[in-house]
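What follows is each chain in one-letter form.
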Amino acid sequence: MRIAGLARSSTVDFPGLISAVIFSPGCNFDCFFCHNRTLLDGEQTLLDNSEILAFLERRRHLLDGVVFSGGEPTLQPDLAAMIGEVRRLGYRIKLDTNGARPQVLRDLLAAGALDYVAIDFKAPWPRYADICGCGPDDVEAVRASFALLAEHEVWPGLDWEVRTTVIPQLGEQELNEMAHSLPPAPHYFLQRYNKPAAHRAADRFRLEAPALTPARLVLLAEALRVCQPNIQIR
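What comes next is a walk through the structure.

Looking at the pairing of strand β6 (residues 159–165)
Argument step 1. The buried fraction of β6 is high, at five of seven residues.
Argument step 2. Pairing between strand β5 (residues 116–120) and β6: five bridges, direction parallel. Looking at β6, one finds that D120 is bridged to R163.
Argument step 3. Summarising the sheet, β6 and strand β7 (residues 188–191) pair through four bridges and their orientation is parallel. Directly across from T164, in β7, lies its bridge partner L190.
Argument step 4. In terms of handedness, the path from β6 via helix α6 (residues 172–180) over to β7 forms a crossover that is right-handed.

Quick look at the structure:
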């Protein structure tokens, strides 16, 4: 598996667990507000898989879980094999995904390879292609991934979350539309917007537009609990 980064210890990436985070390079989306753009552009210095597994072996009694993030990890052909190696060490596994590879997600779920999934919900469906730099087929694939995760009874023991970064282009109307377009999720996070450090010069004005204030976000979350009772602000 191609791995371009490793966070050796995190208390925020896997809810309730101390985890390591594995970052894979590359993504099939091109979100202008991406906070991991260094994983998408230019040449990547790749880490040795055996060295990462050796590190995880040494830390088995200090870490609880491992997060596979990116970029987009489901693009990696050896993802399932690497997850299997990590799982054999006794770790719980979380996957961060944009949802555009539902068959990969289904295969991992069917194999019992995942304990937690965090899936991004980036925009109202009609605006997905514009905001995420993806195609219509990708949008339908994301829809399929949400439908897959909503099959609670099929995946015993799985926990999952929806997360939306409240970029300046998402106002109250858009967030309301998004929240009502999904069935109630076990966890639904509105993530406060912070301008990414690395970005394209051409995206400057979109990134510097005013976003919802924290106070408005709190009021909106309260209102959206009608359709998403587990909504929180992160």
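Quick notes on the nonpolar core
Argument step 1. Residues L56, F68, L114, Y128 and Y188 are the most contacted members of the largest nonpolar core, which totals 65 residues.
Argument step 2. Considering every element that reaches this core, the biggest residue donor is helix α5 (residues 136–149), with five residues.
Argument step 3. With near-sequence residues (within four places) excluded, Y128 lies in contact with F29, D120, F121, K122, A123, G133, C134, V139 and V142.

Topic: the packing of helix α1 (residues 49–58) against helix α2 (residues 79–87)
Argument step 1. Between α1 and α2, the shortest axis-to-axis distance is 10 Å and the interhelical angle comes to 25°. Between α1 and α2, the angle is such that the two are roughly parallel. In the crossing of α1 with α2, the sense of the turn from one axis to the other is right-handed. Across from N49, I52, L53 and L56 in α1, the residues of α2 making contact are M82, E85 and V86.
Argument step 2. Its residues placed into classes, the contact of α1 with α2 shows five nonpolar, one polar and one charged.

A few points about the packing of aromatic side chains
Argument step 1. For the structure on display, the rule yields seven aromatic pairs.
Argument step 2. For the ring pair F32 and F33, a centre distance of 5.3 Å and an interplane angle of 80° mean the geometry is edge-to-face.
Argument step 3. The class of F33 is buried, set by a relative accessible area of 8%.
Argument step 4. The structure contains a cluster of three or more aromatic residues connected by ring pairs, namely F121, W125, Y128 and F146.
Argument step 5. One residue, R8, lies across the ring of F55, its end atom 4.6 Å from the ring centre.

Thoughts on the pattern of salt bridges
Argument step 1. Within this structure, the stated rule accounts for 18 salt bridges.
Argument step 2. For R206, the salt bridge goes to D203, with nearest N and O atoms at 3.2 Å.
Argument step 3. The class for D203 is buried, based on a relative accessible area of 5%.
Argument step 4. Residues joined in a network through salt bridges with shared partners are D30, R37, R200, D203 and R206.

Observations concerning the pairing of β7
Argument step 1. In β7, alternate side chains face the same way, and those of Y188 and L190 on one face and F189 and Q191 on the other are all buried.
Argument step 2. Taken together, the three bridges between β7 and strand β8 (residues 231–233) define a ladder with parallel strand orientation. Each residue of the ladder has a partner; that of L190, found in β8, is I233.

Considering the sheet that holds β7
Argument step 1. One open sheet holds the eight strands; their spatial order is β1-β2-β3-β4-β5-β6-β7-β8, and the pairing between them is mixed. The two strands at the open ends of the sheet, each matched to only one other strand, are β1 (5–10) and β8. The average undirected angle you get between the axes of adjacent strands in this sheet is 20°.

Describing the packing of α6 against helix α8 (residues 214–224)
Argument step 1. Viewed as axis vectors pointing N to C, α6 and α8 meet at an angle of 30°, and their least axial separation amounts to 11 Å. Here α8 runs roughly parallel to α6, going by the angle between their axes. Judged by the sense of rotation from one axis to the other, the crossing of α6 with α8 is right-handed. Contacts between α6 and α8 pair E172, L175, N176, A179 and H180 from the former with R216, L217, L220 and L224 from the latter.

Criteria and thresholds
- Residues numbered from 1 in each chain as written.
- Predicted model: local features only at pLDDT ≥ 70, side-chain atom pairs only at ≥ 80, totals over all residues.
- Heavy atoms only, no water.
- Buried < 20%, exposed > 50% of the residue type's maximum accessible area, 1.4 Å probe, protein only.
- Helix = DSSP H or I, 4+ residues; strand = E, 2+ residues; numbered from the N terminus.
- Pairing = 2+ DSSP bridges.
- Right-handed = clockwise from strand over helix to strand, strands pointing away.
- Core = buried A, V, L, I, M, F, W, Y, C linked by side-chain atoms within 4.5 Å.
- Contact = heavy atoms within 4.5 Å.
- Axes fitted to C-alpha atoms, helices over the stretch in contact; angles between N-to-C directions.
- Parallel < 35°, antiparallel > 145°, perpendicular 65-115°, else oblique.
- Left-handed = near helix turned anticlockwise from the far one by under 90°.
- Nonpolar A, V, L, I, M, F, W, Y, C, P; charged D, E, K, R; others polar.
- Phe/Tyr/Trp six-rings, centres within 6.5 Å; stacked < 30°, edge-to-face > 60°.
- Lys NZ or Arg CZ within 6 Å of the ring centre and 35° of its normal.
- Salt bridge = Lys/Arg side-chain N within 4 Å of Asp/Glu carboxyl O.

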